[in-house]
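Spelled out from the first residue to the last, the chains are:
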Amino acid sequence: MQYVAHVDLEKKEQKDNVPYNASLLMKSVNSTLMKDNEDILITNAEMVPFSFHSRYSATYRRYVYRIISDPELGFNNIWEKNFAWTQESILNLSLMQQGCKLFEGTHNFSNFCRSISRHRDPIRTINFMKAYEVPPPFYSLNRKNTQYIHVEVQGPTFLHSQVRKMVHLIKRIGEGKLLVDDVEKLLTTTDYHTAGYAAPASGLYLMEVGYENQKIDTENNNAPLSNNESSNKAEDNNLIDKILPFSIKEKT
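Residues numbered from 1 in each chain as written. Predicted model: local features only at pLDDT ≥ 70, side-chain atom pairs only at ≥ 80, totals over all residues. Heavy atoms only, no water.

## Looking at the packing of aromatic side chains
A ring pair, where both rings are aromatic, is described by two values, the distance of the centres and the angle of the planes. Going through the model one piece at a time under the given rule, you end up with six aromatic pairs. With centroids separated by 5.4 Å and ring planes inclined at 85°, the aromatic side chains of Tyr63 and Phe158 adopt a geometry described as edge-to-face. Residue Tyr63 is located in strand 3 (residues 60–69), and its partner Phe158 is located in the loop between strand 8 (147–155) and helix 3 (162–175); the two are separated by 95 residues in the primary sequence. As far as the burial class goes, Tyr63 and Phe158 line up, both buried. For the pair Phe103 and Phe112, a centre-to-centre distance of 5.3 Å together with 85° between the ring planes defines the contact as edge-to-face. Take Phe103 and Phe112: they sit in the same class, and that class is buried. What links up through ring pairs into an aromatic cluster is the set Phe103, Phe109 and Phe112. (Phe/Tyr/Trp six-rings, centres within 6.5 Å; stacked < 30°, edge-to-face > 60°. Helix = DSSP H or I, 4+ residues; strand = E, 2+ residues; numbered from the N terminus. Buried < 20%, exposed > 50% of the residue type's maximum accessible area, 1.4 Å probe, protein only.)

Right under this line is the structure:
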């Protein structure tokens, strides 16, 4: 997993208008993180335009939800209970895949969020959603008939609890408790909330935040400036440099 952050830095004394060196800044911050024994590490730092924002400039988010079906241990899987949705039922992966396909596209997701305020648009777009089986992790007991399923979904933005409610519905389809056609019914019914509960938060992982078409000019370590910003730069010795994105990941 890798995440992006940005920061605005101001130099109090800068006679030659030379911006920060992103590489040296990254090394300095990492040194402090290591001394404090933090669990994150900056893997990349670069100059970006002043208009860049790590949250609002993102064009897509990609989530993965982990489901483990173990007929023997079920909910008592102590190795995975805090990192996945563990259960006893073996799921019909083919039906889950069919249900995922119906979520793709632009729909009204009023039934797939915790609450909708009058200021929040429930219309959202799903670039893709898919369910697939993955090999067991190295620390598993490699028991037979155990399913390790990932449900992966990507879209520009999501409503509160939307992904987990979608996954909950897909899991119920895999159990045979709902039909594939129920997905389409819930996407076209907006007068009441019928999607049911949300899947547990323990299985949800934000895998990637994307910035498509973000052309960053890093030549000479200078971020592109607008005409107004260039004028302000000439008038103000305290140049503000926006550095990053910081690409952050957990240490392993």
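What follows continues from the structure just given.
## Observations regarding the pattern of salt bridges
For the coordinates displayed, the defined rule picks out seven salt bridges. A salt bridge links Lys101 to Glu104, with the shortest nitrogen-to-oxygen separation between them at 3.7 Å. One salt bridge connects Asp182 with Lys185, and the closest N-O pair in it is separated by 4.0 Å. Here Asp182 and its partner Lys185 are both found in helix 4 (residues 181–188), three residues apart, which amounts to about one turn of the helix. Residue classification places Asp182 among the buried positions, given a relative accessible area of 16%. Salt bridges here are not isolated pairs; linked through shared partners, they connect Arg62, Glu152 and Glu208. (Salt bridge = Lys/Arg side-chain N within 4 Å of Asp/Glu carboxyl O.)

## Details of the pairing of strand 6 (residues 123–126)
Only one face of strand 6 is covered, namely the one carrying Arg124 and Ile126; the face carrying Ile123 and Thr125 has none of its residues buried. Of the strand pairs in this sheet, strand 5 (residues 105–108) and strand 6 are connected by four bridges, and their pairing is antiparallel. Within strand 6, the residue paired with Asn108 across the bridge is Ile123. (Pairing = 2+ DSSP bridges.)

## Regarding helix 3
The end-to-end C-alpha distance of helix 3, which contains 14 residues, comes to 20 Å, matching closely the 20 Å that a straight helix rising 1.5 Å per residue would cover. Of all 14 residues making up helix 3, twelve are buried, and the element is well covered by its neighbours. Looking one or two residues beyond helix 3, the residue adopting positive phi is Gly176, at roughly 85°. (Expected span 1.5 Å × (residues − 1).)

## Focus: a nonpolar patch on the surface
On the surface, Ile78, Trp79, Phe138 and Tyr139 cluster together into a nonpolar patch covering about 520 Å² of accessible area. One can find Trp79 in the loop between strand 3 and strand 4 (85–87). (Patch = residues over 30% accessible without salt bridge, like charges linked within 9 Å, V, L, I, M, F, W, Y side chains within 5 Å. Areas by Shrake-Rupley, 256 points an atom, 1.4 Å probe, with all protein chains shown as cover.)

## Observations regarding the packing of helix 2 (residues 93–103) against helix 4
Orientation of helix 2 relative to helix 4, taken along the N-to-C sense of each, is 25°, at an axis distance of 8 Å. Looking at the two axes, helix 2 sits roughly parallel to helix 4. In this structure, helix 2 meets helix 4 at a crossing whose hand is right-handed. Facing Gly99, Leu102 and Phe103 of helix 2, the residues of helix 4 in contact are Val183, Glu184 and Leu187. (Axes fitted to C-alpha atoms, helices over the stretch in contact; angles between N-to-C directions. Parallel < 35°, antiparallel > 145°, perpendicular 65-115°, else oblique. Left-handed = near helix turned anticlockwise from the far one by under 90°. Contact = heavy atoms within 4.5 Å.)

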